[in-house]
Structures are given as C-alpha cells and as structure tokens.
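Survey of secondary and tertiary structure
For reference, the chains in residue letters:
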Amino acid sequence: MTYVGIQTQIARNNWNSLVLLLMFPCIILGMLWVFCCIFGVQSTYDTYGNEDFYLDYKIINDTWLGWAPWVVIIVGIWLIIAYAFNAQMIQHATGAKPLERKENPRVYNLVENLCMSCGMPMPKVNIIEDPQLNAFASGINQKSYTVTLTRGIIDYLDDAELEGVIAHELTHIRNRDTRVLIVSIVFVGILSTVLTVLTRGVLRAFLWSGGSRRSNSKGNGGVAIIVVIVAAIICAAIAYFLTMLTRFAISRKREFMADAGGAELTRNPLGLASALRKISANPGLGHIQREDIAQLYIIHPKQLTQSFFDKLQSLFSTHPSTEERIRILEQF
Amino acid sequence: MVITIIVIVVVVVIILALIGIYNNLVKLRNNRENAFADIDVQLKQRYDLVPQLVATVKGYAEHEKGLLETITAARSAAMSATSIDDKIKADQQMTSALAGLKVQVEAYPDLKANQNFMQLQGELADIENKLAAVRRFFNSATRELNNAVQTFPNNLVAGMFGFHKEAMYEIEASQRAAVEKAPEIKF
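**So, the overall build of chain B**
A count of helices and strands for chain B gives seven helices and zero strands. Across chain B, helices and strands are ordered from the amino to the carboxyl terminus as α-α-α-α-α-α-α. Expressed as a percentage of its 187 residues, the buried residues of chain B come to 20%. Considering only intrachain contacts with a sequence separation of at least 6, the fraction spanning at least 24 residues in chain B is 74%.

Set out below in structure tokens:
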C-alpha cells in the first residue's frame, strides 16, 4: 500500500466521483435494455405446432429507444433530488440533530480548533442520541459537510481520544472521501430499488403472460422456468455490479489514510489508538440497519442484520481490522 | 519547418510551467500571511476578554488589586507592542499574570462558584488552545512556502521574483531561556 499525499488523494477521489457519475446512466440504460429483451421475447410456431422463441432485436432496440429518454429523465430527477437532499436523508436515516456551541462547547471547540490548525473551513457538527460509540463524516460540498458523533462517544472518550476521532473524520472530509462515498450510496440505493421493481415486474409479467400466450401446457412450464432462471442470473449479475461499484468507491486504504491524516492533525497518534480500543468494545448503532450507511462509520458494526445484497457486500469488507489500525498507530 | 514548430511548442510549454510555478508561490505566500493575521485575531480576542475578567474578579477579590493591575498593565503593553520582540515579551507577561490569577482564585470560593467567572476561565483556556492551533497552521503554511521556494525547479523562479525562505513562529534564542522557565508567579 503506497502512501500518497493529500493532494493526490483529493484528485483521485474527485476523479472517482466523476467516473461513478458517468457510469451510472450507462448501467441504468443497460438494465433497461435487458428488461426490454425479457419482455420482447417473440414466439413463432414451427411446422409441428411447437412454440419457438427468439429475440427480435429490431423491435427490442426500438422499444428501448422509445423508453430510454424517459428513464434517463426520471433517474436524472431522482439523482438531483438525492444530491440536493443527501444531508437531510442521512440525518433522517440516523436520527442526527445539529449541535450548537452552547449545548456542548467542549465538542464544538475540539472540532473548531482542529479545523483552525489545518486551515480548513469548519463543517457542521451533528449528534445522535445513542449510548453506543460511533462517529461518521458525510457531505458532498462545503454546505453539506458534517461530522456526526453519538452521545455515547462524546461522554465516554476523553479529550485526547475524542480529538483523534474527530481528526479522523475531518481527514475523510478533507480527502473528499465522503463525496465519493455518498455518490456511490445514492447510486446503489437507486439501483437496488430499480432492481427490486424489475424483479417483481418480471415475475408478475410471466405469471400473466403464462395464461394468455401459451396453448401448449407442457411448453408453458419449461419456458417459464428457463426465463425465470435467466432473469435470476441477470439480477445476480446486476447485484454483483452493485457490489463492484461499492468496492470501487470505498477501499480500506482510505481508512488507513484517514488514520494517518488524523494522527498528523493532532500530532498524537496514541489518542486515536486508545479511542479505537474503546470503540471496538462497543461499536454498533443499534437501530440503524442499513449496510450502506454503516460504511461511513469509524468502525464497521458487525451486528447488523443482513439482507441478500448486504451479504454479498460483506464479502468485500470495507473496513480494515481494528487491531491492525491500532497496531499501526501505536508503532510510533 | 518541423523543427521550428517543435521549438515553439517547447518554449510555450516552458513558459506555461513558469507561470504555474510563480502562481503557486504567490498562493503559498499569501496563505502564510493570512495565517499570521489569524494569530493576531486570536491574540486580540484574548486581550478583549481581559477587562471582563478583571471586572468579574474585582467584586470578589478586593485583596488582589495588585494582581489585577498587573494584568491590565500587561494587556496595555501587548496592545501597543509593535515589533515582534515586544509582542512576544508582552505575550509572556500576560500568560504569567493570568497563571497567577488562576492560583489566587483558589482562595476565593465565592469567586469559584461564580458562573460568569468559570465561563470566562473556560473561554480563556479555549483561546489558548486556539492560539496553539493557529500557530501550528502558520508553521505548516511556512513549511509549505519554504519547501516550494527551496526545491529544484521552483527555486529558480523564486530567486527571480523575490520569494525567499521565511521564518516559523519561533521564540527568539534570547527569549527561549525566559520562556522555558516556568512562568513566575509574583504577587
């Protein structure tokens, strides 16, 4: 794992965000084409009266071209809404509230002083009323950058440790890690929803068309099974795509870079090491069951219940092991 | 013909590179000046808190008039200091006077219970942390400028346009001995 400077990291993250943004319409249109194929299966009868199925590409492509602009517009609007409201969506999903300086000057001052020591404009500070220990950074532009802390972590860590955690999150913001992360979360969210809709749509379509098209009941069962299997394979392929997208956006390297940046910011790597020790004893946010938001956390909670897609994602764990992080910090 | 084109392209590339280097140096220098001004902002905030502190303490600690006068005098000296040396000296006097106040306050339980006073103490402590933070940033900015000015292709441009290595926020050798001694608490 080579160390790169912060400017390189920022440039890389900006590039990755752009690539993700561009890949997205391509993937959506690809899925639309596959969808058209499934619906566009034509049948003819050969001389023995048996049904034969083939794909008429001209019809499929025409259908696709007809639908494509609408799909792009709808997805574009969805994307704009997600972009504009991502901060509120995350706040809503996690139950975070803003933190005023008056309410907790200790935390506010820690964040403010760290920002001053590296000349960074201060992000917003949010708090989640949860006794468990965790923290994350989010936001895609200066207006929406936020550091969120739980009540548990504020009360349980002492000043040096809390400073280390905050410095780690601030480094994520500085590196623009949060930007890439949120872009990928928005996409994966949209793609999962579209996928679920498609899957249900495909299944329903075949239940209906089973009655109207076929006359030969033996061919009925066989074809339906094959098509459902094909649809399942396609869905699995798309799900794989989703996990690749996520892996592409997040890598363990980022966590090490954030640890290093945080340690440099505070000039005190042992503070963060001791904080990581305390947190690893007690990390999960109990009521947040969403795997995608969990990737933002400082330590990945393992106790989340997992859906099918989540299980796929957990194969490619996005956080390095905590022991390794502590070891690296303490070697100084 | 081809050679002419190649020469022109090379010259243009070199000129663009020089422009880029010069602009970068200007940005780094301005960044450093900005950081230096930020230190003054924090110092001013600290000096602004002092009259409030003195007013709060006066009501409770009649016997400490001498100490309060020392603090006020240190503040005036700091506000009117012009040279860097004077500023540092005045800063040190202020620090030791405030430290003295902290010690004396232990003897006045009424004062310690005063919300205003505790809040002011908290603000002062926070300003000390902020001063440390902006000084750190000033030193980072100075380091970046020095790196840019001294590394190879840039040092040619730097020499041409008057950029040179700048000083960190350091205490002068003559002052260092005084500072490294613990602040004297004299009443």
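Read on for the rest.
**Concerning the packing of helix α9 (residues 269-280) of chain A against helix α12 (residues 322-330) of chain A**
Residue and element names in this part refer to chain A. Where α9 contacts α12, the axes come no closer than 8 Å and their chain directions differ by 160°. Considering the angle they form, α9 stands roughly antiparallel to α12. When the axes of α9 and α12 are compared, the crossing they make is left-handed. On α12, the residues touching Pro 269, Leu 270, Leu 272, Ala 273, Leu 276, Arg 277 and Ser 280 of α9 are Thr 322, Arg 325, Ile 326, Leu 329 and Glu 330.

**Observations regarding the nonpolar core**
Grouped together as the largest cluster of nonpolar side chains are 43 residues, with contacts concentrated most on Val 111, Leu 114, Val 165, Ile 166 and Leu 170 of chain A. Considering each element in turn, this core owes the most residues, seven residues, to helix α5 (residues 115-150) of chain B. When sequence neighbours within four positions are dropped, the list of residues in contact with Leu 170 of chain A reads Leu 114, Cys 115, Met 120, Val 147 and Leu 265 of chain A. Counting 14 residues, the second largest nonpolar core, distinct from the first, contains Val 57, Ala 90, Ala 97 and Val 105 of chain B.

**Focus: the interface of chain A and chain B**
Each side of the interface is counted separately: chain A has seven residues, and chain B has nine residues. Residue composition of the side of chain A that touches chain B, by class: three nonpolar, four polar and no charged.

**Describing the sheet that holds strand β3 (residues 96-98) of chain A**
All names here are of chain A. An order of β3-β4-β6-β5 is seen for the four strands of this open sheet, with the pairing classed as mixed. What marks the edges here is a single partner per strand, and that holds for β3 and β5 (135-138). Direction aside, neighbouring strands of the sheet carry axes that sit 30° apart on average. Of the pairings in the sheet, the one linking β3 to strand β4 (residues 124-128) comprises three bridges and is antiparallel in character. Residue pairing for β4: Pro 98 is matched across the bridge by Asn 126.

**Let's talk about the confidence of the model for chain A**
Residues and elements named next belong to chain A. Across chain A, the average pLDDT comes to 73, with 63% of residues at or above 70. Element-level mean pLDDT values for chain A span from 44 in helix α11 (residues 308-315) up to 92 in β4. In this model, residues 302-316 is a region of pLDDT below 50 whose contacts with residues beyond four sequence positions or in other chains number 19 contacts.

Cut-offs used in this document
- Counting from 1, residues in each chain are numbered in the order their sequence is written.
- To label them, take the chains in the order written and letter them from A, then take the ligands in the order written and number them from 1.
- Given that the model is predicted, a residue must reach a pLDDT of at least 70 before its local features are reported, and side-chain atom pairs must reach 80 or more before they are shown or counted; all residues, however, enter totals for whole chains, interfaces and linings.
- Only runs of H or I of at least four residues qualify as helices and only runs of E of at least two qualify as strands under DSSP, and these elements are numbered from the N terminus.
- Any residue surrounded by 20 or more other C-beta atoms within 10 Å of its C-beta is treated as buried, while 12 or fewer makes it exposed and the intermediate range makes it partly exposed; C-beta atoms here are placed from the backbone.
- Here contacts are defined at the residue level, using C-beta atoms placed from the backbone and a cut-off of 7 Å between them.
- For helices, the fitted axis covers only the stretch in contact; all axes are lines through C-alpha atoms, and the angles between them, taken along N-to-C directions, range from 0 to 180 degrees.
- Between 65 and 115 degrees an angle is taken as roughly perpendicular, under 35 as roughly parallel, over 145 as roughly antiparallel, and anywhere else as oblique.
- By definition, any crossing whose near helix is turned counterclockwise from its far helix by less than a right angle is left-handed, and any crossing with a clockwise turn is right-handed.
- Each nonpolar core reported here comprises buried Ala, Val, Leu, Ile, Met, Phe, Trp, Tyr and Cys residues connected via C-beta atoms within 7 Å.
- Classification convention: Asp, Glu, Lys, Arg as charged; Ala, Val, Leu, Ile, Met, Phe, Trp, Tyr, Cys, Pro as nonpolar; all other residues, Gly among them, as polar.
- Note on pairing: DSSP must find at least two bridges between two strands before they are called paired.
- As a per-residue quantity, pLDDT reports the predictor's confidence and falls between 0 and 100.

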